[in-house]
Amino acid sequence: MSSRPEVTLAQRKRQLVSDELTEAALQLLALKGFDAVTVDEIVSTAGVSKRTFFRYFASKEDVVVQFLTEMGTGIRAELAARPAEERPSVALKAAVSVPISACVDHSDRALRVVQLILRTPALHARFLERQAQWHNDLTAELARRPGLAQDTDLYPQLAAGMALTAFNTVLQRWSDGAGAEDPAELIDRTFALLSPALDAN
């Protein structure tokens, strides 16, 4: 008998626990502030032991880092899935819109998390650190598109940087305005300005 279903069940259970811990941690951190929340509070809210928490995360900061890592994975996956013949501006807008759409779907919670990350120096530093990897990933994906070569063309690096700058600008504007503006509309306006340069290669 194959053990595949048991492995799949174990993986699903592990992911479920990780998701519950992440949800509890982000909610608490966003509501109370990074320094005010302890790991004890997180595990109490999630209904797990402290030992279980440290099986998944090294620290409460690690929860946010994992969240950011998954965000970057979603951006890269979307860009990789876009049609090769699609204009770069359209493909990049679709890619960075993945987390923006998640913000729209869970606006109140997402706004608090974004504000937490942008206003907490340690978390903002980790956010920028993750984005350096996102930049490399997007550059690599763009270089795979027809007519571009990562080692010889400046375009993939520049285009990836422009897309992430647009993403950061939208998050900062949304955060500073306390959610008054629609982030999806902001990303539309931002890429309307960038499209001529992105599509001029």
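Keep in mind the model is a prediction, meaning the values are calculated, not measured. (Residues numbered from 1 in each chain as written. Predicted model: local features only at pLDDT ≥ 70, side-chain atom pairs only at ≥ 80, totals over all residues. Heavy atoms only, no water.)

**Q** Help me understand the overall build of the protein chain, please; the structure alone is not making it clear to me.
**A** When helices and strands are tallied, the protein chain shows nine helices and zero strands. Counting from the amino terminus, the protein chain carries its helices and strands in the arrangement α-α-α-α-α-α-α-α-α. Taking all 201 residues of the protein chain together, the buried fraction comes to 41%. Taking as baseline every contact in the protein chain between residues at least 6 positions apart, the subset at least 24 positions apart corresponds to 66%. Here the protein chain displays about 10,900 Å² of accessible surface, and carbon together with sulfur accounts for 53% of that area. (Helix = DSSP H or I, 4+ residues; strand = E, 2+ residues; numbered from the N terminus. Buried < 20%, exposed > 50% of the residue type's maximum accessible area, 1.4 Å probe, protein only. Contact = heavy atoms within 4.5 Å. Areas by Shrake-Rupley, 256 points an atom, 1.4 Å probe, with all protein chains shown as cover.)

**Q** I would appreciate a short explanation of helix α7 (residues 121–143) in the present structure.
**A** Since one α-helical turn is 3.6 residues long, residues separated by three or four positions face the same way. The end-to-end C-alpha distance of α7 is 33 Å, a good match for the 33 Å that 23 residues give at a rise of 1.5 Å each. Here α7 has its buried residues at Leu-123, Phe-127, Gln-131, Trp-134, Asp-137, Leu-138, Thr-139, Ala-140, Glu-141, Leu-142 and Ala-143. Looking at the packing, one finds that the buried side of α7 touches α4 (60–81), α5 (88–105), α6 (107–119) and α8 (155–176). (Expected span 1.5 Å × (residues − 1).)

**Q** Explain the side chain of Ser-175 here, please?
**A** Within the fold, Ser-175 resides in helix α8. Taking relative accessible area as the criterion, Ser-175 reaches 1% and is therefore assigned buried. Discounting residues that sit within four places of it in the chain, Ser-175 has contacts with Leu-111, Val-114, Gln-115, Leu-118 and Arg-119.

**Q** Any chance you could explain the pattern of salt bridges here in plain terms?
**A** Throughout the structure, instances matching the rule amount to 14 salt bridges. For the salt bridge of Glu-78 with Arg-82, the shortest nitrogen-to-oxygen distance reads 2.8 Å. Looking at Glu-78, the relative accessible area reads 22%, which means it is partly exposed. Classification of Arg-82 by relative accessible area gives partly exposed; the value is 24%. With its nearest N and O atoms 2.8 Å apart, the salt bridge here joins Arg-82 to Glu-86. Take Glu-86: its relative accessible area is 17%, and that puts it in the buried class. Within the structure, one salt-bridge network assembled from shared partners comprises Arg-76, Asp-137, Glu-141 and Arg-144. (Salt bridge = Lys/Arg side-chain N within 4 Å of Asp/Glu carboxyl O.)

**Q** What should I look at first to understand the packing of aromatic side chains in this one?
**A** Under the defined criterion, the tally for this structure stands at four aromatic pairs. These aromatic residues form a ring-pair network of at least three members: Phe-53, Phe-54 and Phe-57. One residue, Lys-60, lies across the ring of Phe-34, its end atom 4.6 Å from the ring centre. (Phe/Tyr/Trp six-rings, centres within 6.5 Å; stacked < 30°, edge-to-face > 60°. Lys NZ or Arg CZ within 6 Å of the ring centre and 35° of its normal.)

**Q** What exactly am I supposed to notice about unusual backbone geometry here?
**A** In this structure, Ala-178 is a non-glycine residue whose phi angle is positive, near 55 degrees. Tracing the chain through its elements places Ala-178 in the loop between α8 and α9 (183–198). For Ala-178, a relative accessible area of 55% puts it in the exposed group.

**Q** Teacher, can you tell me more about the side chain of Thr-52 here?
**A** Its place among the elements puts Thr-52 in helix α3 (residues 50–56). Judged by relative accessible area, Thr-52 falls into the buried class, the value being 14%. The residues touching Thr-52, leaving out its near neighbours within four places in the chain, are Val-17 and Leu-21.

**Q** When you look at helix α2 (residues 39–46) in this model, what are you seeing that I'm missing?
**A** Within α2 the residues assigned to the buried category are Val-39, Ile-42, Val-43 and Ala-46. The buried residues of α2 all sit within an arc of 90 degrees when viewed along its axis, so they share a single face. Directly beyond the C-terminal end of α2, a positive phi value near 75 degrees is found at Gly-47. (Arc of directions from axis to C-beta.)

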